[in-house]
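# Geometric and topological summary
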Amino acid sequence: MGGFPHYGVVKSDYLMIKGCCVGPKKRVVTLRQSLINQTSRVALEEIKLKFIDTSSKFGHGRFQTTQEKQKSYGRLKA
């Protein structure tokens, strides 16, 4: 459920960037290895991911999965 604003649901691999990337929405971003070894405490901190929120951030997104939405709404007319 959800997706990214102005993109919709992304079905292929993607990379999420912390912060911003100036320019057009679909700008090509080239990734490379860092030239300097990261020694700061923040860079060396191990990330423990607990939950990824997949509800839509546009509109009234409140469901994580399609099954959850169907359970809440029940049978809808076709």
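Residue numbers here run from 1 along each chain, matching the order of that chain's written sequence. The model is predicted, so local features are restricted to residues of pLDDT at least 70 and side-chain atom pairs to those at 80 or more, both for listing and for counting; the totals for chains, interfaces and linings are taken over all residues. The basis for the side-chain values is all heavy atoms of the structure; hydrogens and waters are excluded.

### Observations concerning the overall build of the protein
Counting its secondary structure elements, the protein contains 2 helices and 0 strands. Looking at the 78 residues of the protein, the share that counts as buried comes to 3%. Taking the contacts inside the protein whose residues are at least 6 apart along the sequence as the reference set, 31% of them involve residues at least 24 apart. Accessible surface computed for the protein: about 8400 Å², of which carbon and sulfur atoms make up 56%. A run of H or I in DSSP counts as a helix once it spans at least four residues, and a run of E counts as a strand once it spans at least two, with each numbered from the N terminus. Think of it in three bands: with a 1.4 Å probe and only protein chains considered, a residue is buried below 20% of the maximum accessible area for its type, exposed above 50%, and partly exposed in between. In this analysis, two residues are considered to be in contact whenever any of their non-hydrogen atoms come within 4.5 Å of each other. Shrake-Rupley sampling with a 1.4 Å probe provides the accessible areas, and residues are treated as covered by the protein chains on show and by no other component.

### Things to note about the layout of surface pockets
The computed volume of the largest pocket comes to approximately 660 Å³. In the cavity and pocket records, a cavity denotes points on a 1 Å grid over the protein atoms alone where a 1.4 Å probe fits but cannot get out, a pocket denotes an open set with protein on both sides within 12 Å along at least 5 of 7 lines, and lining residues are residues with an atom within 4 Å of a point. In terms of lining, the largest pocket is formed by 20 residues, of which the most central are Tyr 7, Leu 15, Met 16, Ile 17 and Lys 25. Gly falls in the polar group here, along with every residue not listed as nonpolar (Ala, Val, Leu, Ile, Met, Phe, Trp, Tyr, Cys, Pro) or charged (Asp, Glu, Lys, Arg). Considering only residue class, the lining of the largest pocket consists of 14 nonpolar, 2 polar and 4 charged. Grid points are joined across faces, edges and corners, and a volume is the space filled by probe spheres set on the points.

### So, the environment of Tyr 7
Note that Tyr 7 resides in the segment before helix H1 (41–44). Among the residues examined, Tyr 7 registers a relative accessible area of 40% and is labelled partly exposed. A C-alpha to C-alpha distance of 9.4 Å links Tyr 7 and Lys 26, two positions 19 residues apart in sequence. Among all residues touching Tyr 7, those that are not within four sequence positions of it are Lys 25 and Lys 26.

### So, the environment of Lys 25
Here Lys 25 is to be found in the segment before H1. The spacing of Lys 25 and Tyr 7 is 18 residues in sequence and 9.3 Å in space, taken between C-alpha atoms.

### Quick look at the state of the cysteines
Pairs of cysteine sulfur atoms within 2.5 Å are identified as disulfides in what follows. Taken as a whole and assessed by the stated rule, the structure comprises 0 disulfides. Counting only cysteine sulfurs, Cys 21 is the nearest neighbor of Cys 20, a cysteine outside any disulfide, at a range of 7.6 Å. Judged by its relative accessible area of 69%, Cys 20 is exposed.

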